[in-house]
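# A structural walkthrough
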Number of protein chains: 2
Amino acid sequence: MEIQLAVSKTNKYATSDSGDSVEVIERPNGGISVVMADGQSSGKGAKQISYLVVRKVISLLSEGVRDGAAARAASDYLFTERKGKVSSTLNIVSIDLQTATMVITRNNPLPVLIVSTDEICAFDDECNPIGLYRDTRPLISEVPLEPGLLVVLYTDGLVHAGSRSGESLDIKTFLQSIIDDEVDELDEEEISPQKIADSLLAHAVQLDQGRPVDDITIVVIQVSNQKSDSVRRMTVVLPFNL
Amino acid sequence: MEIQLAVSKTNKYATSDSGDSVEVIERPNGGISVVMADGQSSGKGAKQISYLVVRKVISLLSEGVRDGAAARAASDYLFTERKGKVSSTLNIVSIDLQTATMVITRNNPLPVLIVSTDEICAFDDECNPIGLYRDTRPLISEVPLEPGLLVVLYTDGLVHAGSRSGESLDIKTFLQSIIDDEVDELDEEEISPQKIADSLLAHAVQLDQGRPVDDITIVVIQVSNQKSDSVRRMTVVLPFNL
């Protein structure tokens, strides 16, 4: 089996810094974790916040700290550092090869979508972003690593896409349509996480008429049954202007 | 312009832990860094060493520490932690958008190959791995970020490929042939870093008759002139057995 993970990320129109941060790291006892944060407001200040949160979490995870404890620590750290005045969302998704589970940790009002054989569930119980209160706790859901499992998470730029013109993106329905289209087209059961992330992002940017009203980050993780060649691969594409 | 980065990585035959570690992180002032380490010997012990080195370096880089200082710190840390008894190679390649340069840091006897318009140079001045001596210094080379710049680095599993049967891989010549083939085929000047990394790895594994004699990690980074859609992308593929 293999894990396939894809991230697509773009900035709010006409800003050089995204308020979203996302990093992927190897877990010390096997597997990987992806950590995504969206700092309050946008631009440089928001970037600093989300970067600080992600950095704290990956540093703790790499020391073997459990995901829930790392999320609590990041919350206390941000609360102390910014005196409870600044918030950030935080999501951690870990592929834990020790427990053979996917561990989904949320400090984000937005849902994490979990696609299994033929339905899309939203892990959307109420929870708070970190940094504003003492004792903020994450919500954690643990799902067995089974072929076909697909998880989609995103920052609020995706939800707000189209708001300038009064439109909006029904993410769950759009996701279902991408999956249905792909399954028909390929006559296969599995589709590429990068295609899903890119389709969602492209549709959002289109609703925003090419000028995203907010930073958008989309993460898609899939457990695949594909026969693998035992090669671990990673690619990064980073657009820039000098 | 955009940076394209690819990593391909496989384990020594019949070992579940690779002694190589590699991580990519965002730099706090813009750009990305890739950090690669190969711990002494192989298996669990080597993995611990290389993971510890990479973790220390990415943690420092994310705080804004310069690459050279981070490499020295990692050396002193490993020397102190393991009493000078264990060594590790260390490579850092950073795309620094503040200075508009690629910064290549080596504590690794193996060269880093730098491909520019029409030649392949080896950055191969003598230097030591970290952890064995006090005051180990890295070698650093800084190259302007220009379209077409391509850098290839690897761990010694690639160099030792074929040693079981007395064969060996002339990496520079093989790299030149991949580049020439691709340019002919595509009638373009740019080729995919993932293709280069995969071709090198596939050839090495073939020389090892499908059973790699050592862990192999290959990193390829390219500065591309492609018109980008301002979307940052990242993919990870992680094979696993439960």
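Our subject is the structure that appears above.
Residues numbered from 1 in each chain as written. Chains lettered and ligands numbered in written order. Predicted model: local features only at pLDDT ≥ 70, side-chain atom pairs only at ≥ 80, totals over all residues. Heavy atoms only, no water.

### What about the sheet that holds strand β4 (residues 88-96) of chain B?
Across a sheet, paired strands are connected by hydrogen bonds in the backbone, their directions being either parallel or antiparallel. Residues and elements named next belong to chain B. Spelled out, the test is: When DSSP locates at least two bridges between a pair of strands, those strands are taken to pair. Helical segments are the DSSP runs of H or I of at least four residues, strand segments are the runs of E of at least two, and each set is numbered from the N terminus. Axis geometry follows a simple rule: fit a line to the C-alpha atoms, using only the stretch in contact for helices, then measure angles between N-to-C directions, giving values from 0 to 180 degrees. Every residue pair with non-hydrogen atoms within 4.5 Å of one another is taken to be in contact.
Reading across the sheet, the 5 strands line up as β2-β3-β4-β5-β8 and stay open at both edges, with antiparallel pairing between neighbours. Unpaired on one side and paired on the other, β2 (20-26) and β8 (139-144) mark the two borders of the sheet. Neighbouring strand axes in the sheet, compared pairwise and without regard to direction, differ in orientation by 10° on average. Sheet analysis places strand β5 (residues 101-107) next to β8, joined by 6 bridges and oriented antiparallel. Paired with R106 across the bridge in β8 is L139. Together, β2, β3 (31-39) and β4 form the strand contacts of helix α1 (residues 44-62), whose direction differs from that of β3 by roughly 155°.

### Re the pairing of strand β6 (residues 112-116) of chain B
Residue and element names in this part refer to chain B. Going by this rule: Buried, partly exposed and exposed residues are distinguished by accessible area as a fraction of the type maximum, computed with a 1.4 Å probe on protein chains only: under 20%, between the cut-offs, and over 50%, respectively.
For β6, a buried count of 4 out of 5 residues is recorded, marking the element as mostly surrounded by other parts of the structure. Both β6 and strand β7 (residues 119-123) contribute to a ladder of 5 bridges, which runs antiparallel. Opposite I114, over in β7, you have C121 as the bridge partner. Bridge count for β6 against strand β9 (residues 150-154) is 3 bridges, and the pairing is antiparallel. When the sheet's bridge partners are listed, I114 is paired in β9 with V151.

### Comments concerning the pattern of salt bridges
Residues and elements named next belong to chain A. As a reminder, the rule being used: The term salt bridge refers to a pairing of a side-chain nitrogen on Lys or Arg with a carboxyl oxygen on Asp or Glu at a separation within 4 Å.
With the rule as written, the count across this model stands at 15 salt bridges over all chains. D17 is the partner of K44 in a salt bridge, and the nearest nitrogen-oxygen pair spans 3.0 Å. Taken together, the residues span a long stretch of sequence, with K44 in helix α1 (residues 44-62) and D17 in the loop between β1 (2-10) and β2 (20-26) at a distance of 27 residues.

### Describing the relation of the copies chain B and chain A
The criterion, for reference: In superposing the copies, a least-squares fit is computed on C-alpha atoms, taking residues whose pLDDT is at least 70 in both.
Take chain B, turn it by 180°, move it 0.0 Å along the axis, and it overlays chain A with an RMSD of 0.0 Å. Both chain copies can therefore be described as sitting about a two-fold axis. Proximity to the rotation axis, assessed at the C-alpha, singles out B:T235 in chain B; its C-alpha lies 2.6 Å from the axis. In this assembly, 100% of the residues forming the interface of chain B have copies in chain A that are likewise at the interface, indicating an isologous arrangement.

### Notes on helix α5 (residues 193-207) of chain B
What counts is decided by this rule: One less than the residue count of a helix, multiplied by 1.5 Å, gives the span that helix is expected to have.
An ideal rise of 1.5 Å per residue puts 21 Å on 15 residues; α5(B) measures up with 21 Å between its terminal C-alpha atoms. The positive-phi residue at the C-terminal boundary of α5(B) is B:Q209, with phi of around 50°.

### Some thoughts on the packing of aromatic side chains
Short version of the rule: Stacked, tilted and edge-to-face are the three classes assigned to paired rings of Phe, Tyr and Trp, where Trp is represented by its six-membered ring and a pair needs centres within 6.5 Å; plane angles under 30 degrees give stacked, over 60 edge-to-face, the rest tilted. Comment: the charge-over-ring label is applied if NZ (Lys) or CZ (Arg) is within 6 Å of the ring centre and within 35 degrees of the ring normal.
This model, assessed by the stated rule, comprises 0 aromatic pairs over all chains. The lysine or arginine in question, A:R106, covers the ring of A:F123, its NZ or CZ lying 4.8 Å from the ring centre.

### Considerations on the sheet that holds strand β4 (residues 88-96) of chain A
Residues and elements named next belong to chain A. With antiparallel pairing, the 5 strands of this open sheet are ordered in space as β2-β3-β4-β5-β8. The sheet is open, and its two borders are formed by β2 and β8 (139-144), each paired with just one other strand. The average angle at which neighbouring strand axes cross in this sheet is 10°, direction not considered. Strand direction decides the pairing type here: β4 and strand β5 (residues 101-107), joined by 7 bridges, are antiparallel. Among the inter-strand pairings, N91 is bridged to a residue of β5, identified as R106. The strands touched by helix α2 (residues 67-81) are β4, β5 and β8; relative to β4, the strand with the most contacts, the crossing angle is about 160°.

### Quick notes on the interface of chain B and chain A
The condition that has to hold: As used here, buried area is the combined drop in accessible area, with a 1.4 Å probe, of two parts when they are placed together. As used in this structure description, the phrase polar contact means that two N or O atoms lie within 3.5 Å; if the pair is within protein, one of them must be able to donate a hydrogen and the other to accept it, and residues adjacent in sequence are counted only when both atoms belong to side chains.
Across the boundary between the two partners, chain B contributes 44 residues, which contact 44 residues of chain A. Carbon and sulfur atoms make up 59% of the area that chain B and chain A hide from each other, which totals about 4800 Å². Applying the counting rule to chain B against chain A returns 5 salt bridges. One salt bridge in this structure joins B:R55 and A:E63, with 4.0 Å as the shortest N-O distance. Linking chain B with chain A are 25 residue pairs in polar contact (both at pLDDT 80 or more).

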